[in-house]
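For reference, the chains in residue letters:
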Amino acid sequence: MGCTKIFSACYLSFNKGKSKHLDTIVAFDLQLFAGEKTEEATPKRKEEARGKGQVAKSMEINSVFVIVAAFFTLKIIGSYIFDELAGYMKFVFSNLNVADFTITSAQQVFIGFAIVFLKTTLPLMCVILVAGLAINFAQVGFAFSLEPLMPNFDKINPLSGFGRLFSKRSLVELFKSLLKIAIIGGFVYRFMMNQTKQVPALISAELIDSLHLTASLILDLVFNISTVMFIMGVFDYMYQWWENQESMKMSKDDIKQEFKQAEGDPQIKGKIKQRQREMAMQRMMQDVPKADVIVTNPTHFAIALKYDQEMLAPIIVAKGQNIIAQKIKEIAKEHHVIIVENKMLARALYAAVEIGQPVPHELYQAVAEVLAYVYKLKKRLP
C-alpha cells in the first residue's frame, strides 16, 4: 500500500481559566501496514509458486556443469571420435575417386555419414542431457510445470516489454552479464598470454601433434574458465534464492485472505455444520424405533438403549434434551417402545455416553435392572 502514512491533529484546551496549552496528537494508522509485503511466504504460497515454476535456480551453475561434462567427455572419447571421423573421410575420398559413382554409392556415403554422426555425437549428447537434468534436480528437486509454456499476451505487449527492459531485474542481469564478460575476458587474456610461448611449436609440428596440442590448450582453458564460472554461479544462486524469497513475500491482508480461503467462508461453514447436524439428527431418530427402552427423567432427558446378545454391553442409539427428548419419546410411543422413568440414570447416561457408544461399567447394574424390567413387561404384554 506504499509508505507509512502519519496523520496529526492539533487542538486547543483551556483548563478553568488557566494558561493556554497546545497538545499535538500523533497517531499511526496501523491498518495501512497491512498492504506492505513484509511477511514470509506461507507453505501454501510456496507450493503454488513452485507449481508455477517459480523456483530459485542459477543458470550459471547449469552452464558450468554442462560445459564441464561435455568437454570432460570429449577428453575421454576424443581419440575415438577422431579415429571414427578419419576412417570415414578415408572411405568417402576413396569412393569419390571411382569413375562410376552412382546413386547407390551416394546412398552408401549418406548412410555411412549418419552412422558415424550417431556414433560420435550420441555419447556426448547423452552426457549433456544427464548432466543438465542432474544439476537442475540438485538445485530445485522434482518440479514439473507447464505454466511457463502457456501463452501470455503480456509478454508480447510493447508497453509491458518496455517496462521489463528497464526493470530492476533486467538491470541486475545486465550488470551480471557485464561483470561476467569482464572477469572471463580478463582470465582468457591472461591465459593466452601465458601460453603464447607454445605457439611457435605449432608451426613446425606435425598436423596430428598440432591438433593434440590445440585440443589440450582448449581443454585447459575450458576447465579454468569453468572454475571461475562456478564461483560466480554460487553467488548467483544465493542472489536468485534471495530474490525468489523476496518476490514471494506476502502482506498481512494476503495471509488473512489465504486463511479465509483455507478455512472457508464462515456462513458456508455454518450452513454445512447445520446440515450435518440435521442429517445426524435424522439418522438418530431413525434408530429410535430399534431401541429396547427409552430412559427419561421424565421431561428434560431421553436416552434410547439397545441390547442384543451379540453385544458386549448395551449401546446408546439416541439421546436428547428438552425438545429433542420430547421428539424421541413421541417416536417411541408411535412404535410402541417402552419408556422408563429414571432421573439419576437418565442424567448419568446423557452426560457420560455418546451416541453409538456402549454403556460404561459403573452403570451396568442400573441399566441391567431397567432392561430386566423391560423384558418382564414385554412378556406380560399380549
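Everything that follows concerns the structure shown earlier in this document.
Right, let's walk through the structure included here. (Residues numbered from 1 in each chain as written. Predicted model: local features only at pLDDT ≥ 70, side-chain atom pairs only at ≥ 80, totals over all residues. Heavy atoms only, no water.)

**Concerning unusual backbone geometry**
Leave glycine aside and you will find that most residues have negative phi; peptide bonds, for their part, are mostly trans.
Then step 1. Positive phi, normally seen in glycine, also occurs at asparagine 322, with a value near 55°.
Then step 2. Turning to its location among the elements, asparagine 322 is positioned in the loop between β5 (315–321) and α10 (323–334).
Then step 3. Notably, histidine 336 is not glycine yet its phi reads approximately 60°, a positive angle.
Then step 4. Positionally, histidine 336 belongs in the loop between α10 and β6 (338–341).
Then step 5. Histidine 336 gets classed as exposed once you look at its relative accessible area, which sits at 71%. (Helix = DSSP H or I, 4+ residues; strand = E, 2+ residues; numbered from the N terminus. Buried < 20%, exposed > 50% of the residue type's maximum accessible area, 1.4 Å probe, protein only.)

**Notes on a nonpolar patch on the surface**
Then step 1. Together, Phe65, Phe230, Ile231, Val234, Phe235 and Met238 line one region of the surface with nonpolar side chains, adding up to about 570 Å² of accessible area.
Then step 2. Here isoleucine 231 lies in helix α7 (residues 207–247). (Patch = residues over 30% accessible without salt bridge, like charges linked within 9 Å, V, L, I, M, F, W, Y side chains within 5 Å. Areas by Shrake-Rupley, 256 points an atom, 1.4 Å probe, with all protein chains shown as cover. Salt bridge = Lys/Arg side-chain N within 4 Å of Asp/Glu carboxyl O.)

**What about the layout of surface pockets?**
Then step 1. Counted as a void, the second largest pocket has a volume near 540 Å³.
Then step 2. Taken together, 17 residues line the second largest pocket, and the ones lying closest to its centre are Leu74, Gly78, Ser79, Leu211 and Ala215.
Then step 3. For the lining of the second largest pocket, the secondary-structure elements that each account for two or more residues are α2 (59–96) and α7.
Then step 4. Of the residues forming the lining of the second largest pocket, the biggest block, 9 residues, is contributed by α2.
Then step 5. Partitioning the lining of the second largest pocket into residue classes produces 10 nonpolar, 5 polar and 2 charged. (1 Å grid on protein atoms, 1.4 Å probe; cavity = no way out; pocket = protein on both sides within 12 Å on 5 of 7 lines; lining within 4 Å. Points joined across faces, edges and corners; volume = space filled by probe spheres on them. Nonpolar A, V, L, I, M, F, W, Y, C, P; charged D, E, K, R; others polar.)

**Considerations on the environment of leucine 345**
Then step 1. Position of leucine 345 among the secondary structure elements: in helix α11 (residues 343–352).
Then step 2. Along the chain, leucine 345 and leucine 363 lie 18 residues apart, while their C-alpha atoms are 8.0 Å from each other.
Then step 3. Residues in contact with leucine 345, not counting those within four places in the same chain, are Val295, Leu363, Ala366, Val367 and Val370. (Contact = heavy atoms within 4.5 Å.)

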